Amino acid sequence: MDSSGDDPTAATLAWLCSSDEPAVRYLTRRDVLGDRNGAASAADAAQLLEGPKARALLAGQQPDGGFGVHPYRKWTGAHWRLVSLVELAAPAGEPRLQAAALTVLDWLAGDAHRRTVTVVNGLTRRCASQEGNALAVACRLGMADDPRVELLAHSLVDWQWPDGGWNCDLRASGRRSSFHESLPPTWGLHEYWLATGATWAREAAAQAAELFLSHRLFRSVHDGEVIDRRWLALHYPPYWHYDVLQALLILSRLGKAGDPRADGRWQPSGYWWRPPGTGTGSGPVEVVDWGRSGPNELLTLNALRVLKAAS
């Protein structure tokens, strides 16, 4: 956190509003400053896909809507690019994005994928972050009326565990869901409710939210100890990984925000990606350089959005 100057919040907001990414400027004005109709916001809204990150995410799109690899390929497949583009306020109805989303829906709703769904001791074992992220993306892009999108939403509800979450571990006892696999479906079902008014989706998202809230996001309900200290390390993009800031962001979208941390400029504690053009090494290569040195715009923006929602 950067605390230099007399008003670190003002300095942080000025930093975000001077970003070279129109989406960061737009989201800061819309979500933190509450300016939805100002001239600057309108100008940035018209350029959401013209920033360097957005252009990199759309680069290399093929005639079939995909990017020449499996939709789930880390981190270059359409699935991951679309999550990042939606978080950069990509507009609904954009033909390039909808074409990419169709490749994701074809994969997730296809027979080959659906046959991999496994039930053990009456509980579905599914990496539901895949369906959850795709559901949220499709709804944000104005595709909620696609039958495959409805299939994803109903499937997530059918697969939900008694504690409100989801889990893909075949060895799991059934007593506790995976936080990693449960946060994206919470977001996806909430977005489906917003897009369709389906109260069953809203109820399922609220039940999932209780899983996180009952643990105060990262603590054991038995002794209050931290469940996994890696959850306290912030990353951007989070992809399918769970951390407390991403949890707070999703919960704030459900109207359940609460964050005691002060504001400022936030820096990643680690990375799930390697920069574009990186050679051999550990971890998948990204198509965007999200920043590895100094404060991170998207982490900072998300922290301020959470604080705004909680105030």
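Because the structure is a prediction, the values reported are computed rather than measured. (Residues numbered from 1 in each chain as written. Predicted model: local features only at pLDDT ≥ 70, side-chain atom pairs only at ≥ 80, totals over all residues. Heavy atoms only, no water.)

Engineer: Explain the overall build of the chain to me, and be specific about the residues and the numbers.
Structural biologist: Of regular secondary structure, the chain possesses 13 helices and two strands. Its C-alpha radius of gyration of 19 Å places the chain within 12% of the 19 Å reference for a compact globule of 311 residues. In terms of its C-alpha atoms, the chain occupies a principal-axis envelope of roughly 60 × 55 × 45 Å. Taken over 311 residues, the chain has a buried fraction of 55%. Nonlocal contacts in the chain, meaning residues at least 24 apart in sequence, comprise 66% of its contacts between residues at least 6 apart. When the accessible surface of the chain is summed, it comes to about 13500 Å², and 50% of that surface belongs to carbon and sulfur atoms. Side-chain charges in the chain split into 32 positive and 34 negative, and the spacing between the mean points of these groups amounts to 3 Å. (Helix = DSSP H or I, 4+ residues; strand = E, 2+ residues; numbered from the N terminus. Rg over C-alpha atoms; globule rule 2.2 N^0.38 Å. Buried < 20%, exposed > 50% of the residue type's maximum accessible area, 1.4 Å probe, protein only. Contact = heavy atoms within 4.5 Å. Areas by Shrake-Rupley, 256 points an atom, 1.4 Å probe, with all protein chains shown as cover. Lys, Arg positive; Asp, Glu negative; His and termini not counted. Charge placed at Lys NZ, Arg CZ, Asp CG, Glu CD.)

Engineer: Give a detailed account of helix H13 (residues 297-310), specifying residues and quantitative values.
Structural biologist: Given a rise of 1.5 Å per residue, 14 residues ought to cover 20 Å, and the 20 Å separating the end C-alpha atoms of H13 matches this to within 8%. For H13, the tally of buried residues reaches 11 of 14 residues, placing the bulk of the element in the interior. When we look at burial in H13, the residues that qualify are Glu297, Leu298, Leu299, Thr300, Leu301, Asn302, Ala303, Leu304, Arg305, Val306 and Leu307. (Expected span 1.5 Å × (residues − 1).)

Engineer: For the packing of helix H2 (residues 22-32) against H13, give the residues involved together with the corresponding values.
Structural biologist: Contact geometry of H2 with H13 gives a least axis separation of 10 Å together with a crossing angle of 10 degrees. Between H2 and H13, the interaxial angle falls into the category roughly parallel. Contacts between H2 and H13 pair Val24, Leu27, Thr28, Arg30, Asp31 and Val32 from the former with Glu297, Leu298, Leu301, Leu304, Arg305 and Lys308 from the latter. Its residues assigned to classes, the contact of H2 with H13 comprises six nonpolar, one polar and five charged. (Axes fitted to C-alpha atoms, helices over the stretch in contact; angles between N-to-C directions. Parallel < 35°, antiparallel > 145°, perpendicular 65-115°, else oblique. Nonpolar A, V, L, I, M, F, W, Y, C, P; charged D, E, K, R; others polar.)

Engineer: Which residues make up helix H12 (residues 244-253), and what values go with them?
Structural biologist: Burial within H12 is extensive, with 10 of its 10 residues counted as buried. Among the residues making up H12, those that are buried are Val244, Leu245, Gln246, Ala247, Leu248, Leu249, Ile250, Leu251, Ser252 and Arg253. Considering only its buried residues, H12 is in contact with helix H5 (78-87), helix H8 (129-140), helix H10 (179-196), helix H11 (199-214) and H13. Residue Asp243 occupies the N-cap position of H12, its side-chain oxygen lying 3.1 Å from the main-chain nitrogen of Leu245. (Polar contact = N/O pair within 3.5 Å; in protein donor to acceptor, adjacent residues only side chain to side chain.)

Engineer: An account of the side chain of Arg29 is needed here, citing residue identities and associated values.
Structural biologist: Tracing the chain through its elements places Arg29 in helix H2. In contact with Arg29, not counting residues within four places along its chain, are Cys17, Gly34, Asp35, Ala40, Ser41 and Asp44.

Engineer: Any chance you could break down the environment of Cys139 for me, citing the residues and the numbers?
Structural biologist: Relative to the helices and strands, Cys139 resides in helix H8. For Cys139, a relative accessible area of 9% gives the class buried. With 47 residues separating them along the chain, Cys139 and Ala92 place their C-alpha atoms 8.5 Å apart. Here Cys139 is in contact with Ala144, Val149, Glu191, Tyr192 and Ala195, once residues within four sequence places are set aside.

Engineer: I'd like a rundown of unusual backbone geometry, residues and numbers included.
Structural biologist: Residue Lys74 is joined to Trp75 through a cis peptide bond whose omega torsion reads -10 degrees. Topologically, Trp75 is positioned in the loop between helix H4 (52-58) and H5. Unusually for a residue other than glycine, Ala89 sits at a positive phi of about 65 degrees. Mapping Ala89 onto the fold places it in the loop between H5 and helix H6 (95-109). In the Ramachandran plot, Tyr239 falls in the positive-phi region, its phi being about 55 degrees despite a non-glycine side chain. One can find Tyr239 in the loop between H11 and H12. On the accessibility criterion, Tyr239 (7% relative accessible area) is buried.

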